[in-house]
Amino acid sequence: MSPVTLSVLDLAPVQADADAGAALHATTRFAKRAEELGFHRFWVAEHHNMPGIASSAPAVVLAHLAASTSRIRVGSGGVMLPNHAPLVVAEQFGTLEALHPGRIDLGIGRAPGTDPATARALRRHADGLGAESFPRELTALMGYFGGTDPDGIVATPGRGAQPEMWLLGSSGYSAQVAAVLGLPFAFAHHFAGENTAAALALYRDNFRPSPTRPEPYSIVAVSAICADTDAEADRLAAPRDLAFVNLRAGRPQAMATPAQAEGFPRTEVERHFAAQRKAGQLQGSPETVRAQAAQLIEDTRPDELMLTTLVYDLDTRIRSLELTARAING
């Protein structure tokens, strides 16, 4: 397996016995370590009304992460455009690019990333919340950066800024939009693994060169939990699996400890759901993860792998990242 560019997607997980401040400080330390290890970019994800995720305001978190590091690219994975007016996003990321030129990524998603009531609370009205509004909102955002100034409004900062813009997706729709616009594309394999190969094929087959991207470029985001043994990796993954089960049941919670997660009673349906979520991801000893990564790369042909490691404590998250990077790239 040839070396592949590696990046990180972090959710700033909130531990059951800690708070959001501790989670964000841990994410800062995690970003610093990723930079030391030579990772290419570090993204944080926007989620709302979820007690176990502290990265609800990506632009604010990214300002801190960029100031706390010096070389690694930092970005949103992503900003969920239905939640925000395009002008606000242009000004926020124009500001970040002005402060940290050449290091800012703006990953855009077309889903709210939350429940309908929270989405309405974020946007304060229904306009822009539907999927049919996404192309119009995306065009406006690109116009603020590009200087076409929608409605005669100049985004300051923003106009002329060049954060690297990405489209995020978990289906073929965003893949085709990214292809038509000539944008790089990041696929959420970590929660939609059954769609990955087909979506990336759509993206590559329909790609139209743009001034910023003459050729298609893709990231595959994958869950990665690596430990000394397969059994230990499974134990460390138990809190992540429980978080998925709780989210699906409509009861999101802070992240349980491995012992709490292993002791939590689950139905057969919930166990099956967790097993489905694990399929196609990276989980196990270094030898197991290396074989899984080789298969994933062969199946999807990404330009980058973006690792998301949802485990209970920071030291374990860092060690998993180190072991995974070594397993994949030697």
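Okay, so let's go over this structure. A quick note: this is a predicted structure, and the numbers were derived from the prediction, not measured. (Residues numbered from 1 in each chain as written. Predicted model: local features only at pLDDT ≥ 70, side-chain atom pairs only at ≥ 80, totals over all residues. Heavy atoms only, no water.)

## Describing unusual backbone geometry
And step 1. That bond from Gly77 to Gly78 is cis: its omega, 5°, falls within 30 degrees of zero.
And step 2. Position of Gly78 among the secondary structure elements: in strand β3 (residues 73-80).
And step 3. With an omega of -5°, the peptide bond between Thr156 and Pro157 qualifies as cis.
And step 4. Tracing the backbone through its elements, the reader meets Pro157 in the loop between α5 (134-146) and β5 (164-169).
And step 5. Although it is not a glycine, Ala12 sits at a positive phi angle of roughly 45°.
And step 6. Along the chain, the position of Ala12 falls in the loop between β1 (5-10) and α1 (20-36).
And step 7. A positive phi angle is found at Asp151, which is not glycine, with a value near 60°.
And step 8. With respect to the helices and strands, the residue Asp151 is situated in the loop between α5 and β5.
And step 9. We classify Asp151 as exposed; its relative accessible area is 77%. (Helix = DSSP H or I, 4+ residues; strand = E, 2+ residues; numbered from the N terminus. Buried < 20%, exposed > 50% of the residue type's maximum accessible area, 1.4 Å probe, protein only.)

## With respect to the pairing of strand β9 (residues 304-308)
And step 1. When you tally the buried positions in β9, you get five out of five residues, the bulk of the element.
And step 2. Of the two faces of β9, both are covered, the one formed by Glu304, Met306 and Thr308 as well as the one formed by Leu305 and Leu307.
And step 3. Pairing geometry for β1 and β9, over four bridges, is parallel. Bridge pairing links Ser7 to Met306 in β9. (Pairing = 2+ DSSP bridges.)

## Describing the nonpolar core
And step 1. Residues Phe93 and Leu305 are the most contacted members of the largest nonpolar core, which totals 66 residues.
And step 2. Ranked by residue count, the leading element in this core is helix α13 (residues 314-329), at seven residues.
And step 3. Counting residues in each nonpolar core, the second largest holds 16 residues, with Met50, Trp166, Leu168 and Met255 among its members. (Core = buried A, V, L, I, M, F, W, Y, C linked by side-chain atoms within 4.5 Å.)

## Quick notes on the environment of Glu91
And step 1. Examined against the element boundaries, Glu91 turns out to sit in helix α3 (residues 86-99).
And step 2. According to the relative accessible area criterion, Glu91 is partly exposed, its value standing at 29%.
And step 3. Between the C-alpha atom of Glu91 and that of Phe145, which follows or precedes it by 54 residues, the distance is 9.0 Å.
And step 4. With sequence-adjacent residues up to four places away left out, Glu91 is seen in contact with Ala155, Thr156 and Pro157. (Contact = heavy atoms within 4.5 Å.)

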